[in-house]
Amino acid sequence: MDDLYRDEILEHYREPHNFGTLDAPDASYEGHNPLCGDRITIMLSFDEAGTVSDVAFSGRGCAISQASASLLTDEVRGRSQADVKAMTNQDVLDLLGIEVSPARLKCALLSLDTLQHALDEQSDRSATESVSP
């Protein structure tokens, strides 16, 4: 069964889903892993109800970090901001479906960390705009 998951990870690495940019995202953030050099930028657009209507990522890195971003962006499309914010490290590891060594854990979780930072910055920006006269 592990081979099936490894094949899926390699497929997401070779042909990642949602790879690219959004013209006018509502939220974006560039995350990086200084230990290995992986970089990911995640961009999100929301509809009026606060649901993720579009998502994209760009960047470079190892197969696990890129596959994680591809799988995660597939997973969050159509979900509410609250659902996305509630996602855990274990959710991402479950998406990957393989045992991830402690040395590769930061690679696997870079996409979730980046996504959560994008949501936090978007929330901070929305709060500031609603307070401004």
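This text follows the structure it describes.
Just so we're clear, the structure is a prediction, and the values are computed from it rather than from any experiment. Along each chain, the written sequence defines residue order, and numbers are assigned to residues from 1. Where totals are concerned, whole chains, interfaces and linings use all residues; where local detail is concerned, this predicted model gives features only for residues with pLDDT of at least 70, and gives and counts side-chain atom pairs only at 80 or more. Only hydrogens and water are set aside; all other atoms, that is, all heavy atoms of the structure, feed into the side-chain values.

1. A few points about the side chain of S111
How we decide: To qualify as a helix, a DSSP run of H or I must reach at least 4 residues; to qualify as a strand, a run of E must reach at least 2; elements of each kind are numbered from the N terminus. Note on contacts: a residue pair is in contact if any heavy atoms of the two residues lie within 4.5 Å.
Inspection of the secondary structure puts S111 in helix 5 (residues 105-131). In contact with S111, not counting residues within four places along its chain, are I40, I42, S68, A69 and L72.

2. A look at the sheet that holds strand 2 (residues 38-46)
Whenever strands of a sheet pair, they do so through backbone hydrogen bonds, lying parallel or antiparallel. Convention followed: If DSSP finds at least two bridges between two strands, the strands pair. Interaxial angle, 0 to 180 degrees, is taken between N-to-C directions of lines fitted to C-alpha atoms, where a helix line uses only the stretch in contact.
Strand order in the open sheet formed by three strands is 1-2-3, with antiparallel pairing between adjacent strands. Where the open sheet ends on each side, the last strands, each with one partner, are strand 1 (27-33) and strand 3 (52-60). Put simply, the sheet's adjacent strands are angled 15 degrees from each other on average, direction ignored. Taken together, the seven bridges between strand 1 and strand 2 define a ladder with antiparallel strand orientation.

3. Some words on the pairing of strand 2
The following threshold applies: Burial classes follow relative accessibility: with a 1.4 Å probe on protein chains only, a residue under 20% of its type's maximum area counts as buried, one over 50% as exposed, and anything between as partly exposed.
For strand 2, the tally of buried residues reaches seven of nine residues, placing the bulk of the element in the interior. Pairing geometry for strand 2 and strand 3, over eight bridges, is antiparallel. Its bridge partner being in strand 3, I40 is matched across the sheet by G59. Counting the residues between successive antiparallel strands, the hairpin from strand 2 to strand 3 contains five residues, one of them, G50, with a positive phi of roughly 85 degrees.

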